[in-house]
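Chain and residue survey
Here's the letter readout for the chains.
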Amino acid sequence: VQLQAFGGGLVQAGGSLRLSCAGSGRTFSDYSMGWFRQAPGKERLFVAAISRGGKVRDYADSVKGRFTIYRDNAKSTVYLQMNSLKPEDTAIYYCAARGTVTGVTYTRGDDYGYWGQGTLVTVSS
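The paragraphs below set out a description of the structure included in this document. (Residues numbered from 1 in each chain as written. Predicted model: local features only at pLDDT ≥ 70, side-chain atom pairs only at ≥ 80, totals over all residues. Heavy atoms only, no water.)

So, on to the overall build of the protein chain. In terms of helices and strands, the protein chain carries zero helices and 11 strands. For the protein chain, the succession of helices and strands along the chain, N to C, is β-β-β-β-β-β-β-β-β-β-β. Here the protein chain has a C-alpha radius of gyration of 13 Å; the compact-globule value for 125 residues is 14 Å, and the two agree. Structurally, the protein chain occupies a C-alpha span of about 40 × 25 × 25 Å along its principal axes. Out of the 125 residues in the protein chain, the part that is buried amounts to 46%. Accessible area of the protein chain: about 6200 Å², with a carbon and sulfur share of 46%. With 15 positive and 9 negative side-chain charges, the protein chain shows a spacing of 5 Å between the two charge centroids. (Helix = DSSP H or I, 4+ residues; strand = E, 2+ residues; numbered from the N terminus. Rg over C-alpha atoms; globule rule 2.2 N^0.38 Å. Buried < 20%, exposed > 50% of the residue type's maximum accessible area, 1.4 Å probe, protein only. Areas by Shrake-Rupley, 256 points an atom, 1.4 Å probe, with all protein chains shown as cover. Lys, Arg positive; Asp, Glu negative; His and termini not counted. Charge placed at Lys NZ, Arg CZ, Asp CG, Glu CD.)

Below you can see the structure in the form of structure tokens.
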């Protein structure tokens, strides 16, 4: 599956952004999806994940209550709604996919076989 992430940009602290990740080439609902982020000079970190059917969601503690992951399999797209953004949310955000027959989520980057190109989110203070 090919993934393309978009929706990043510059936003003030306290603001909101919605990231989108569009999949193509395969049946999107066959994939568990995740969002990761990487700040300059830091390692890539898990942000959120959603099962293939959308019923199971998982979040990093740092974004719980502020970010929401959801998907529309008919549109082959997964979203990350980000509210109450903080300067420490500044990073390149990547979407990832893992083919699975089960309705589980994955929180480790090594669990994913397909990655989008990333979209930059900058939160100013």
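Turning our eyes to something else, we now look at the sheet that holds strand β7 (residues 67-72). Strand order across the open sheet formed by four strands is β1-β3-β8-β7, with antiparallel pairing between neighbours. Both outer strands of the open sheet, β1 (2-6) and β7, are each paired with one neighbouring strand and no more. Pairwise comparison of adjacent strand axes, ignoring direction, gives a mean angle of 15° for this sheet. As paired elements, strand β3 (residues 17-24) and strand β8 (residues 77-82) share six bridges and run antiparallel to each other. (Pairing = 2+ DSSP bridges. Axes fitted to C-alpha atoms, helices over the stretch in contact; angles between N-to-C directions.)

Our focus in this paragraph is the environment of Leu-80. Considering the arrangement of structural elements, one finds Leu-80 in strand β8. In this structure Leu-80 comes out as buried when scored by relative accessible area, which is 0%. If we ignore the near neighbours within four places in the chain, the residues touching Leu-80 are Leu-17, Arg-18, Leu-19, Trp-35, Val-47, Ala-48, Phe-67, Thr-68, Ile-69 and Tyr-93. (Contact = heavy atoms within 4.5 Å.)

Let us look at the side chain of Asp-89. Inspection of the secondary structure puts Asp-89 in the loop between β8 and β9 (91-99). In terms of polar contacts, Asp-89 uses its side chain to reach the side chain of Arg-66, at 2.7 Å. Only 2.8 Å separates the side chain of Asp-89 from the backbone nitrogen of Lys-86, close enough to count as a polar contact. Once residues lying within four places of it in the same chain are set aside, the contact partners of Asp-89 are Arg-37, Arg-66, Phe-67, Ser-84, Val-121 and Val-123. (Polar contact = N/O pair within 3.5 Å; in protein donor to acceptor, adjacent residues only side chain to side chain.)

Moving on: the pattern of salt bridges. As a working rule, side chains carrying opposite charge can pair if their charged atoms are close by. Scanning the entire structure with this criterion turns up six salt bridges. When the shortest N-O distance is used, the salt bridge between Arg-52 and Asp-30 registers 3.4 Å. Of this pair, Arg-52 sits in the loop between β5 (44-50) and β6 (57-59) while Asp-30 sits in the loop between β3 and β4 (31-38); the two residues are 22 residues apart in sequence, bridging distant segments of the chain. Judged by its relative accessible area of 32%, Asp-30 falls in the partly exposed class. Two residues, Arg-66 and Asp-89, come together in a salt bridge whose shortest N-O distance is 2.7 Å. Placement of the pair is Arg-66 in the loop between β6 and β7 and Asp-89 in the loop between β8 and β9, with a sequence separation of 23 residues. (Salt bridge = Lys/Arg side-chain N within 4 Å of Asp/Glu carboxyl O.)

To continue, consider the nonpolar core. Counting 36 residues, the largest nonpolar core has Met-33, Trp-35, Leu-80, Met-82 and Tyr-93 as its most contacted members. Residue assignment for this core shows that the elements contributing at least two residues are β1, β3, β4, β5, β7, β8, β9 and β11 (119-124). Non-local contacts of Met-82, meaning those with residues more than four positions away in its chain, are made with Gly-15, Ser-16, Leu-17, Leu-19, Arg-66, Phe-67, Tyr-93 and Val-121. (Core = buried A, V, L, I, M, F, W, Y, C linked by side-chain atoms within 4.5 Å.)

In short, shape yes, function no, at least from these values alone.
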